[in-house]
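Chain residues, written in single-letter form:
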Amino acid sequence: MLSEVLLVSAPGKVILHGEHAVVHGKVALAVALNLRTFLWLQPHSNGKVGLNLPIIGIKRAWDVAKLQMLDTSFLKQGDVTALTPEQVEKLKEVAGFPKDCADHEHLAVLSFLYLYLSICQKAASRWTEEKLELINKWAFQGGRVIHGNPSGVDNAVSTWGRALQYQQGKISSLKRPPALKILLINTRVPHSTKALVAGVRSRLLKFPEIMVPLLTSIDAISLECEWVLGEMAVAPAPEHYLMLEELIDMNQNHLNALGVGHASLNQLCQVTMAHGLHSKLTGTGGRGCGITLLRPDLEQPEVEAMKQVLTSCGFDCWETSIGAPGVSIHMAVSLDALVWQALDGL
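Residues numbered from 1 in each chain as written. Predicted model: local features only at pLDDT ≥ 70, side-chain atom pairs only at ≥ 80, totals over all residues. Heavy atoms only, no water.

1. Quick word on the nonpolar core
Phase 1 of the analysis: I185, L258, L294 and L310 are the most contacted members of the largest nonpolar core, which has 25 residues in total.
Phase 2 of the analysis: Residue contributions to this core peak at 4 residues, all from helix α7 (residues 208–234).
Phase 3 of the analysis: One finds V31, L174, I182 and I322 within the second-largest nonpolar core, a separate group that totals 23 residues. (Core = buried A, V, L, I, M, F, W, Y, C linked by side-chain atoms within 4.5 Å. Buried < 20%, exposed > 50% of the residue type's maximum accessible area, 1.4 Å probe, protein only. Helix = DSSP H or I, 4+ residues; strand = E, 2+ residues; numbered from the N terminus.)

This is the structure in structure tokens:
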């Protein structure tokens, strides 16, 4: 049982290049963001285990004694395996959810219960590579509860951080990626990942002689970006940023040709281009999020002015950097005051 406060965090991630093409066997580059999700585990004497996810408005609690009395033989403790549909239904019974619940809020609770009941509150310590592998496997299975059949990129980047190359199920780390500054922009317009992936596949079947070269070209962009990042890690130079900007523009045009662009993303690109900066969608597209590369010579007033314009368009903006460390244990005294203030308010 947990005997003391445990505070850990993991970074978010974005795809630099290769979204959608990766579904068809091409390379994708994923990088960890210096925007982190914090997990605060704190022992209580009230006999309950509580879950508080303030960003999505979830606050639940269960009696530990009742959880211990449940028949959880359908979960093999310590065995990192995928849940079957039957096991998911049993978790819904444990949570008291209807069988037809499929929204992310309910699925987030199911993911927590699955991990809690399977891992049995084993406390963490300083992580060896073996333990990081285990964290990654559990995170992948938790993600499957929510997303069904994820690629494994999200959990890998959040576990190891920095930057990863992903291709056909194989994940490898990029050595010493530069800490590039970016803007992460959420257009706040919802999209359907499943529908967008299906749309690309349909277009590929309809226009193979056009789409196959596009996917091959996106693959080349990913590999070229990986090479540039490697060069920057050794000796960064201004021309490297020019190359990255060109690659961003080319990939954005390719993604539009694949059919996953959107008017809101085009507006984002136009706003940043008016300030001499370059943007592309990240992830699924079809609305969603975009990233903007911030050159090191850019003055902060210019960044703030652009953020104000983007905000006036109805977008959310976060100024951050890529190449952040992976899952980490924290001492409370080492936390940023704003982070501690947010945690203290839970």
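So that's the structure; there's more coming.
2. As for the packing of α7 against helix α8 (residues 238–258)
Phase 1 of the analysis: Interaxial distance between α7 and α8 falls to 10 Å at its minimum, and their mutual angle equals 160°. The angle between α7 and α8 places the two elements in the roughly antiparallel class. The crossing of α7 and α8 is left-handed.
Phase 2 of the analysis: Looking at the contact of α7 with α8 residue by residue, the classes come out as 17 nonpolar, 4 polar and 2 charged. (Axes fitted to C-alpha atoms, helices over the stretch in contact; angles between N-to-C directions. Parallel < 35°, antiparallel > 145°, perpendicular 65-115°, else oblique. Left-handed = near helix turned anticlockwise from the far one by under 90°. Nonpolar A, V, L, I, M, F, W, Y, C, P; charged D, E, K, R; others polar.)

3. Some words on the domain arrangement of the chain
Phase 1 of the analysis: What the domain assignment reports for the chain is domain 1 (6–175 + 327–345) and domain 2 (180–322).
Phase 2 of the analysis: On a C-alpha basis, the centres of domain 1 and domain 2 stand 27 Å from each other.
Phase 3 of the analysis: Both sides together, the interface formed by domain 1 and domain 2 hides about 2,200 Å², and carbon and sulfur atoms give 67% of it.
Phase 4 of the analysis: On the domain 1 side of the contact with domain 2, H17, H20 and H24 bury the most area, a combined 30% of that side's loss.
Phase 5 of the analysis: A salt bridge links K280 to E19; the shortest N-O distance between them is 3.0 Å.
Phase 6 of the analysis: Linking domain 1 with domain 2 are 11 residue pairs in polar contact (both at pLDDT 80 or more), by the criterion used here.
Phase 7 of the analysis: Those elements giving two or more residues to the side of domain 1 that touches domain 2 turn out to be β1 (6–17), β2 (28–41) and β5 (163–167).
Phase 8 of the analysis: Residues that form the side of domain 1 that touches domain 2 fall into these classes: 13 nonpolar, 7 polar and 3 charged. (Domains from an automatic or database assignment. Buried area = accessible area lost by both parts, 1.4 Å probe. Salt bridge = Lys/Arg side-chain N within 4 Å of Asp/Glu carboxyl O. Polar contact = N/O pair within 3.5 Å; in protein donor to acceptor, adjacent residues only side chain to side chain.)

4. Remarks on the sheet that holds strand β6 (residues 170–173)
Phase 1 of the analysis: Strand order across the open sheet formed by 5 strands is β6-β5-β2-β1-β11, with antiparallel pairing between neighbours. Looking at strand neighbours, the two that pair on one side only are β6 and β11 (328–329), the edges of this open sheet.
Phase 2 of the analysis: Pairing between β1 and β11: 2 bridges, direction antiparallel. Note on β11: the bridge partner recorded for S9 is S328.
Phase 3 of the analysis: The sheet strands contacting helix α5 (residues 153–160) are β1, β2, β5 and β6, and the helix crosses β1 at an angle near 125°. (Pairing = 2+ DSSP bridges. Contact = heavy atoms within 4.5 Å.)

5. Thoughts on the packing of helix α3 (residues 104–119) against helix α4 (residues 129–147)
Phase 1 of the analysis: The N-to-C vectors of α3 and α4 enclose an angle of 145°; their axes lie 8 Å apart at closest approach. Crossing hand, α3 versus α4: right-handed. On α4, the residues touching H104, L107, A108, L110, S111, Y114, L115, S118 and I119 of α3 are W138, Q141, G142, V145, I146 and H147.
Phase 2 of the analysis: For the contact of α3 with α4, a count of residues per class yields 9 nonpolar, 6 polar and no charged.

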